[in-house]
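Chain residues, written in single-letter form:
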Amino acid sequence: MSIDIYVCLTVERRPRKGRLDMRVTKAQAEQNRAHIVATAARLFRERGYDGVGVAELMAAAGFTHGGFYKHFRSKADLMAEASASGLSQTAAQAEGRDAAEFVERYVSREHRDGRGDGCTIAALSGDAARQPADIQKEFAAGIESLLTALQTQSDTPGDADADQRATRTMVIDMLAHSVGAVMLSRACPDGSPLADEILDVCRKEILASLARGNSDQPAARSPEA
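Cut-off values and rules
Starting afresh in each chain, residues are numbered from 1 along the sequence in its written order. With pLDDT at 70 or above as the cut-off, local features in this predicted model cover only qualifying residues; side-chain atom pairs require 80 or more to be listed or tallied, and sums for whole chains, interfaces and linings still use all residues. Where side-chain values are given, they derive from all heavy atoms of the structure, hydrogens and water being excluded. Paired rings are identified among Phe, Tyr and Trp, the last through its six-membered ring, by centres lying within 6.5 Å, and are further divided according to the angle between planes into stacked (under 30 degrees), edge-to-face (over 60) and tilted (the rest). The set of buried Ala, Val, Leu, Ile, Met, Phe, Trp, Tyr and Cys residues whose side-chain atoms join them within 4.5 Å is what this entry labels a nonpolar core. For the exposure calls, accessible area comes from a 1.4 Å probe over protein chains only, and a residue counts as buried if that area is under 20% of its type's maximum, exposed if over 50%, partly exposed in between. A run of H or I in DSSP becomes a helix once it reaches four residues, and a run of E becomes a strand once it reaches two; helices and strands are each numbered from the N terminus. We call two residues contacting when some pair of their heavy atoms lies within 4.5 Å. The arc refers to the directions leading from the helix axis to the C-beta atoms.

Across all of its chains, the model carries four aromatic pairs by this definition. Summarising the aromatic geometry, the rings of Phe-68 and Tyr-69 are spaced 4.9 Å apart at their centres and angled 85° between planes, so their arrangement reads as edge-to-face. Taken together, Phe-68, Tyr-69 and Phe-72 form an aromatic cluster joined through their ring pairs.

Now the structure itself:
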């Protein structure tokens, strides 16, 4: 008499030693994308859009080159998103500061030398002028947001259209001179006396112009007036 014996074994499949489970949650994927964008924004400010390639950028963010296309269709898409991110940070940093305080911090040696952590407008405006319309649109929107933040802090009492136009004119003039001062200074060698002279002269002149503009503003009306 024969007896058949069946043995059923349950085997749990586990990752081989030294291998990691590569599944990424949606939340982690979003964090990875945000990290890539932040890294790109910094590197683009430091080197320009053409100064860093996708492979180097991904390596700096801690990822492989192949992972880039899981997040972005092209380098141009990343350039636009990184620009938007950097521009929004600049506008956020301007909130709560009046025009004079903004100029003191912006037209400075610290900002001039800290290109990677500085303003996207001063770092990349020259490059943006030669880029596709999508990137230029991001710059237009970012500059407008910065002007709005600065104008909010500089508005005089009242809501007359003439006063608002005058304030906007003043803020545009101040921002253009501030950005130009930083760009001119950066065009000089790091140790050049001219680099500091440009910043010092422009900062003083911009602040003096702001002071003259404020003195020309009419005094705030009392509620009874």
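Here the narrative resumes, following the displayed structure.
A separate point is the nonpolar core. If you look at the biggest cluster of nonpolar residues, it comprises 45 residues, and the most contacted ones within it are Phe-44, Leu-57, Leu-78, Phe-102, Tyr-106 and Met-174. Looking at this core, the elements with two or more residues in it are α1 (26–47), α2 (54–61), α3 (75–94), α4 (99–106), α6 (120–128), α7 (133–154), α8 (161–187) and α9 (193–216). Apart from the residues lying within four places of it in its own chain, the contact partners of Leu-57 are Ile-36, Thr-39, Ala-40, Leu-43, Phe-44, Val-52 and Leu-78.

A word on α2. Within α2, the full set of buried residues consists of Val-54, Leu-57, Met-58 and Ala-61. On an axial view of α2, the arc spanned by its buried residues comes to 95°, and they lie on one face. Packed against the buried residues of α2 are α1 and α3. Positive backbone phi, approximately 90°, marks Gly-62, located one or two places after α2.

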